[in-house]
Amino acid sequence: MEHPLTIFKYCPVCGSEHFLVNNFKSRKCSDCGFTYYANPCSATAAFIVNDRQEMLVVRRAKEPAKGTLDLPGGFVDMGETVEEGMRREIKEETGLDVHDIQYLFSSPNVYVYSGMGIHTLDMDFLVPVHGDPEAIKAVVRAADDAAEALWIPISQVNPDDFGLTSIRNAVIRFLRDQR
């Protein structure tokens, strides 16, 4: 997996070949002076929990880790707050409209995409959904990059079923904190 700065060879402003490593997170053009910083992208993951202490998980429809379990979430779009991005991702992947989201923790991550390591800052949220669990389950429909949506009792969640290392680590941390 390559770091983005090893792939970028030309200045995106002037096209110069003199786009040189400035430090571990930037390249600088010695012709026009432009400096590009490879800062982390914001990403989210949701621990959606109902009143029966079941957690909503999705099965990944796409690589990386296609077919493994995942948490609803994804990248925050430009112009969105983290909370807006979290709500949008939940709606896109599960059909749920949620309002109550509670920040839990964050962790640095490297998300491999097209052979490149995209550095992210993953922000994990608790999303309690209250009301009749059967009515809530009737609303849930896997969509977007989720192939399937499943409600699993928290006591039966197995971190090894989650294919992305960052999500697996978040699940381990979440389960540890539930005890």
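The coordinates are above.
Residues numbered from 1 in each chain as written. Predicted model: local features only at pLDDT ≥ 70, side-chain atom pairs only at ≥ 80, totals over all residues. Heavy atoms only, no water.

## Side note on the nonpolar core
In summary, soluble globular proteins display a tendency toward joint burial of nonpolar side chains.
In step 1: Ranked by internal contacts, the top residues of the largest apolar core, which has 21 residues, are Phe47, Met55, Leu71, Phe162, Val171 and Phe174.
In step 2: Put simply, the parts of the chain that give this core at least two residues each are β4 (41–50), β5 (54–60), β8 (102–113) and α4 (165–178).
In step 3: It is α4 that contributes the most residues to this core, 5 residues altogether.
In step 4: Every residue in contact with Met55, bar those within four places of it in the chain, is listed here: Phe47, Ile48, Leu71, Leu150, Trp151, Ile152, Ile154, Val157, Phe162 and Phe174. (Core = buried A, V, L, I, M, F, W, Y, C linked by side-chain atoms within 4.5 Å. Buried < 20%, exposed > 50% of the residue type's maximum accessible area, 1.4 Å probe, protein only. Helix = DSSP H or I, 4+ residues; strand = E, 2+ residues; numbered from the N terminus. Contact = heavy atoms within 4.5 Å.)

## Overview of the side chain of Asn109
In step 1: Position of Asn109 among the secondary structure elements: in strand β8.
In step 2: A polar contact is formed between the side chain of Asn109 and the side chain of Asp122, at a distance of 3.1 Å.
In step 3: Among the polar contacts made by the side chain of Asn109, one reaches the side chain of Ser166 at a distance of 3.1 Å.
In step 4: If we ignore the near neighbours within four places in the chain, the residues touching Asn109 are Ile118, His119, Thr120, Asp122 and Ser166. (Polar contact = N/O pair within 3.5 Å; in protein donor to acceptor, adjacent residues only side chain to side chain.)

## Here's the deal with unusual backbone geometry
In step 1: Of the consecutive residues Glu63 and Pro64, the connecting peptide bond is found in the cis state with omega at 5 degrees.
In step 2: Locating Pro64 in the fold gives a position in the loop between β5 and β6 (69–70).
In step 3: For Gln53, which is not glycine, the phi torsion reads 60 degrees and is therefore positive.
In step 4: Relative to the assigned elements, Gln53 resides in the loop between β4 and β5.
In step 5: Taking the relative accessible area as the measure of exposure, Gln53 reaches 43% and is therefore partly exposed.
In step 6: Despite not being glycine, Ala65 shows a phi value in the positive range, around 65 degrees.
In step 7: Along the polypeptide, Ala65 turns up in the loop between β5 and β6.
In step 8: Take Ala65: its relative accessible area is 18%, and that puts it in the buried class.

## Here we look at α4
In step 1: Compared with the 20 Å implied by 1.5 Å per residue over 14 residues, the 20 Å span of α4 between its first and last C-alpha is a close match.
In step 2: When α4 is considered as a whole, its buried residues turn out to be Ser166, Ile167, Ala170, Val171, Phe174 and Leu175. End-on view of α4: buried residues confined to an arc of 165 degrees, all on one side of the axis.
In step 3: Turning to α4, the residues buried within the fold contact β4, β5, β6, β8 and β9 (116–129). (Expected span 1.5 Å × (residues − 1). Arc of directions from axis to C-beta.)

## Some thoughts on the pattern of salt bridges
Oppositely charged side chains can pair when the atoms bearing their charge come close.
In step 1: The full count for this structure, using the stated rule, is 11 salt bridges.
In step 2: A salt bridge links Arg52 to Glu134; the shortest N-O distance between them is 2.6 Å. Of this pair, Arg52 sits in the loop between β4 and β5 while Glu134 sits in helix α3 (residues 133–139), placing them 82 residues apart in sequence.
In step 3: What makes Arg52 partly exposed here is its relative accessible area of 44%.
In step 4: Given a relative accessible area of 42%, Glu134 falls into the partly exposed group.
In step 5: We note a salt bridge from Asp177 to Arg176, for which the minimum N-O separation is 3.7 Å.
In step 6: For Asp177, a relative accessible area of 46% gives the class partly exposed.
In step 7: Salt bridges sharing partners connect three or more residues here, namely Asp77, Glu80, Arg88, Glu89 and Glu92. (Salt bridge = Lys/Arg side-chain N within 4 Å of Asp/Glu carboxyl O.)

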